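Reading the structure
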Amino acid sequence: MESSIWTEKYRPQEFSEIKGQKEIVKRIKAFVEQQNIPHLLFAGPAGVGKTTLALVIAKKMFKELWHQNFLELNASDERGIDIIRNKVKDFARTRAIGDVPFKIIYLDEADALTREAQQALRRTMENYTQTTRFIISCNYSSKIIDPIQSRCAMFRFKPLDKGEIFSIIEKVEKDEKIKIDEKAKEALFNISEGDARRLGNILQSSA
């Protein structure tokens, strides 16, 4: 079923479709091709591809079994230490389904977690290294405790540049059969501030 929300409808499904972050995508793709990834820490502003890249990793690693092997949690909704303990542990405890020897837990907005919750997360990461890889996403890496940072390969995401934002606009323009003039494209680039999610929302509400 195709999503009626444009930010989902136009979310990249392949490494090659991800805008910006070329160096990051190249390195992550190499990990996936080796069928082995370290814990990852994605830092950067909203709407620049952190969640999208985590989803592409899961889909490429686990193919049609990705739903069973991938747990996505938003730390800002689920701040409590108990959530980390219970949900993460329950998922991390069981073996992956299929050929890949580990599952992936994606923890979004992890800078919203309290220090206590981060300490619990660190212990969980240590305990389940055999069966689980963590992808931790945050806006500010400085808010993530050092013991977690040192266990992860860190990648810093940047806002999308003008060319990348324009190419998204042009794809939507073509697929949705709408007309966007150059002035409007400039305005969209300025308002979006390199955030593809904000861009998608503005485009959809304006259309």
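See above for the structure.
Let me begin by describing the structure that accompanies this report. (Residues numbered from 1 in each chain as written. Predicted model: local features only at pLDDT ≥ 70, side-chain atom pairs only at ≥ 80, totals over all residues. Heavy atoms only, no water.)

**Some thoughts on the side chain of Asn-69**
- In this structure, Asn-69 sits in helix α4 (residues 66–69).
- A distance of 3.2 Å separates the side chain of Asn-69 from the backbone oxygen of Leu-65, its partner in a polar contact.
- Filtering out sequence-adjacent residues up to four positions away, Asn-69 remains in contact with Phe-62, Phe-91, Ala-96, Ile-97, Lys-103 and Ile-104. (Helix = DSSP H or I, 4+ residues; strand = E, 2+ residues; numbered from the N terminus. Polar contact = N/O pair within 3.5 Å; in protein donor to acceptor, adjacent residues only side chain to side chain. Contact = heavy atoms within 4.5 Å.)

**Description of the environment of Glu-176**
- Mapped onto the elements, Glu-176 comes out in helix α8 (residues 162–176).
- Once the C-alpha coordinates of Glu-176 and Phe-31 are considered, the two residues, 145 residues apart in sequence, prove to be 35 Å apart.
- When near neighbours in sequence (up to four residues on either side) are disregarded, Glu-176 contacts Trp-6, Lys-9 and Tyr-10.

**Focus on helix α10 (residues 196–206)**
- Among all positions of α10, only Leu-199, Gly-200, Ile-202 and Leu-203 are buried. Relative to the axis of α10, the buried residues are bounded by an arc of 165 degrees and lie together on one face.
- Against α1 (6–9), α8 and α9 (182–192) lie the buried residues of α10.
- A side-chain oxygen of the first residue of α10 lies 2.9 Å from the backbone nitrogen of Arg-197; this N-cap is Asp-195. (Buried < 20%, exposed > 50% of the residue type's maximum accessible area, 1.4 Å probe, protein only. Arc of directions from axis to C-beta.)

**Re the nonpolar core**
- Within the largest apolar cluster, 41 residues are counted, with the highest numbers of intra-cluster contacts made by Ile-28, Ile-37, Leu-40, Phe-42, Leu-53 and Ile-57.
- Listing elements by their share of this core, those giving two or more residues are α2 (22–33), β1 (39–43), α3 (50–62), β3 (103–108), α8 and α10.
- Setting aside anything within four residues of it in sequence, one finds Ile-57 in contact with Phe-15, Ile-28, Val-32, Ile-37, Leu-40, Phe-42, Ile-104 and Ile-135.
- Core analysis: the second largest hydrophobic core is formed by 24 residues, Ile-105, Phe-134, Cys-138 and Ile-144 among them. (Core = buried A, V, L, I, M, F, W, Y, C linked by side-chain atoms within 4.5 Å.)

**Here's the deal with the layout of surface pockets**
- Computed from the structure, the largest pocket encloses a volume of approximately 810 Å³.
- For the largest pocket, the lining is made up of 35 residues, of which Thr-7, Arg-11, Pro-12, Thr-52 and Ala-196 are closest to its centre.
- Of all the secondary structure elements, the ones that give two or more residues to the lining of the largest pocket are α1, α3, β2 (70–74), β3, α8 and α10.
- Looking at side-chain class alone, the lining of the largest pocket contains 13 nonpolar, 11 polar and 11 charged residues.
- Considered as a void within the structure, the second largest pocket measures approximately 150 Å³ in volume. (1 Å grid on protein atoms, 1.4 Å probe; cavity = no way out; pocket = protein on both sides within 12 Å on 5 of 7 lines; lining within 4 Å. Points joined across faces, edges and corners; volume = space filled by probe spheres on them. Nonpolar A, V, L, I, M, F, W, Y, C, P; charged D, E, K, R; others polar.)

**Remarks on the state of the cysteines**
- Counting across every chain of the model gives zero disulfides.
- The structure places no disulfide on Cys-138, whose sulfur is separated from the nearest cysteine sulfur, that of Cys-152, by 9.4 Å.
- What makes Cys-138 buried here is its relative accessible area of 1%. (Disulfide = S-S within 2.5 Å.)

**Some details on the sheet that holds strand β4 (residues 132–138)**
- As summarised here, the arrangement of the five strands in space is β2-β3-β4-β1-β5, forming an open sheet in which the pairing is parallel. Looking at which strands have only one partner, the edges of the open sheet turn out to be β2 and β5 (152–156). The sheet shows a mean angle of 15 degrees between the axes of neighbouring strands, direction not considered.
- Of the pairings in the sheet, the one linking β1 to β5 comprises five bridges and is parallel in character. Each residue of the ladder has a partner; that of Leu-41, found in β5, is Met-154. (Pairing = 2+ DSSP bridges. Axes fitted to C-alpha atoms, helices over the stretch in contact; angles between N-to-C directions.)

**Focus: the packing of α8 against α10**
- Between α8 and α10, whose axes approach to 11 Å, the crossing angle comes to 35 degrees. α8 and α10 meet at a crossing whose hand is right-handed. When α8 is examined against α10, the residues Ile-165, Ile-168, Ile-169 and Val-172 are found in contact with a partner set consisting of Ala-196, Leu-199 and Leu-203.
- Split into classes, the residues belonging to the contact of α8 with α10 amount to seven nonpolar, no polar and no charged. (Left-handed = near helix turned anticlockwise from the far one by under 90°.)

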